[in-house]
Amino acid sequence: LEFLFLLLHPIHQYPNNDKDHCIAKRLHFLSYQDILGYSLTSLTLFLSVTTSSVLVVFLKHYLTYILLLSLLLCFLCSFLFIGRPRKLTCLLQQSIFGILFSLVVSSVLAKTVMVVLAFMATKPGNRARKLFGKTLTNSIVIACPLFQTVICASWLVTSPPFPNLDFHSLVGEAILECHEGSVLMFFAVLAYLGFLALVSFMVAFLARKLPDSFNEAKFITFSMLVFCSVWITFLPTYLSTKGKSMVAMEIFSILASGAGLLACIFFPKCYIILFKPNLNCRENIMRHKNL
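Residues numbered from 1 in each chain as written. Predicted model: local features only at pLDDT ≥ 70, side-chain atom pairs only at ≥ 80, totals over all residues. Heavy atoms only, no water.

The name that an unreviewed UniProt entry assigns to the protein is G-protein coupled receptors family 3 profile domain-containing protein, with the source organism given as Laticauda laticaudata. The record held by UniProt for the protein lists under Subcellular location (unreviewed entry) the comment "Cell membrane". (UniProt positions renumbered as here; feature names shortened; annotations may be inferred.)

Printed below as a string of C-alpha cells:
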C-alpha cells in the first residue's frame, strides 16, 4: 500500500512522514528576498557604481570606453538571473551574458593589440600602427561579438531556453529554473568565450616583456589569468550543483571575472590619474621608454 501511495501521489507533492497525506512542494529559486540573492544584488550594484565611476575618469578613450561600458552591462545582466524565472528572462539571460562578455574580452584583445602596435611604431620605419591600428582594433571589437551573436541567435531559433519545474532533485521543493533548451549550444557559447579569453591571454602574455612605458600588457595578462581561472572553476561547480546554488554560482562567476578585469586593468591607471598625475604625461612616458 505504501508503494502504491508513493506511486500515485501527484508529482508536485510529497508524502508526509506517516505516508497518510501529501504536502505541496515549495518553489525553489533565487529570489531577491533570500540572503544569497540580497548579497549578490548588493555586490552587483557596488560593482556597477564602481565601474561607472571609472568610466567617468576614462570617458575620452575610445577602446577603454567600450570596455568599461560592456563591463557595466555585464554586471547589470546579473539581474536577469535573480528572481522568479520567466519566459523572457530565460530567453535573454545566457545570450545577453555570452554576447556582452564576448564584447568585453574582444575589447581586451583589441587593447592588447593596440599596445603591441604602439610599441612597434616606436621602431624606425615601422608603420604598422598607422596602417593597421584603428582598422584592426575596430574589426576585432565588431567581429568577435558578432560571431557570438550568430551562435546565440541559432540557439534561440533552434532550441531556446525555457522555464522548467524540476520536482525530483530536492525533497519537499520544486526547483523553478531556466532550462538551457540545448546544453550543446550553452557550452558552445562558453567554449567560444573561452577561446577568446585564451587568445587574449596568449597575446598579452607574449607582450608582457615590453618596456615599462607599455606595461599595460602585464596588467592585461594578469587580468586574463584571473578571468580564465574563475571560469575554469565555474564549470565543474556549475555541473555539480542544483537550484539557486547553481544560479548563484554563475552570477558570482560573472561578477568575479568582471571585477578581476576592472581591478587589474583600470585601478592602477586610476591611481596614477587621480593621485600621481605628474606620471601621466608624455615627457615622463618618453623618458621611461628611452631608458
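K.L.:
Outline the state of the cysteines, supporting the account with residue identities and numerical values.
P.N.:
Summed over the entire model, instances satisfying the criterion amount to 1 disulfide. In this model, C90 is linked to C178 through a disulfide, with the two sulfur atoms separated by 1.9 Å. Torsion about the S-S bond of the C90 and C178 cystine: about -75°, corresponding to left-handed handedness. Residue C90 is located in helix α4 (residues 87–121), and its partner C178 is located in strand β5 (residues 173–179); the two are separated by 88 residues in the primary sequence. (Disulfide = S-S within 2.5 Å. Helix = DSSP H or I, 4+ residues; strand = E, 2+ residues; numbered from the N terminus.)

K.L.:
Which residues make up the packing of helix α7 (residues 216–239) against helix α8 (residues 244–275), and what values go with them?
P.N.:
Two numbers describe how α7 lies on α8: the axes approach to 9 Å, and their chain directions differ by 175°. When the axes of α7 and α8 are compared, the pair comes out roughly antiparallel. Among the residues forming the contact of α7 with α8, the class breakdown is 18 nonpolar, 5 polar and 3 charged. (Axes fitted to C-alpha atoms, helices over the stretch in contact; angles between N-to-C directions. Parallel < 35°, antiparallel > 145°, perpendicular 65-115°, else oblique. Nonpolar A, V, L, I, M, F, W, Y, C, P; charged D, E, K, R; others polar.)

K.L.:
How would you sum up the UniProt feature "transmembrane region" (unreviewed entry) in the protein? Please name residues and give values.
P.N.:
As recorded in UniProt, the feature "transmembrane region" (unreviewed entry) lies at residues 35–58, 65–83, 95–119, 140–162, 182–207, 219–239 and 251–274. Between the C-alpha atoms that bound residues 35–58 there is a distance of 35 Å. The span itself is 96% helix and 0% strand. Along residues 140–162 the backbone is 83% helical and 4% strand, and the end-to-end C-alpha distance reaches 32 Å.

K.L.:
Account for the nonpolar core, with residues named and values stated.
P.N.:
F97, M224, F227, L261 and F266 are the most contacted members of the largest nonpolar core, which has 58 residues in total. Counting residues per element, the ones that place at least two in this core are α2 (35–57), α3 (62–76), α4, α5 (128–158), α6 (183–206), α7 and α8. Counting residues per element, this core draws most heavily on α8, at 11 residues. Ignoring sequence-local partners within four residues, the contact set of F227 consists of F101, V105, A197, S257 and L261. (Core = buried A, V, L, I, M, F, W, Y, C linked by side-chain atoms within 4.5 Å. Buried < 20%, exposed > 50% of the residue type's maximum accessible area, 1.4 Å probe, protein only. Contact = heavy atoms within 4.5 Å.)

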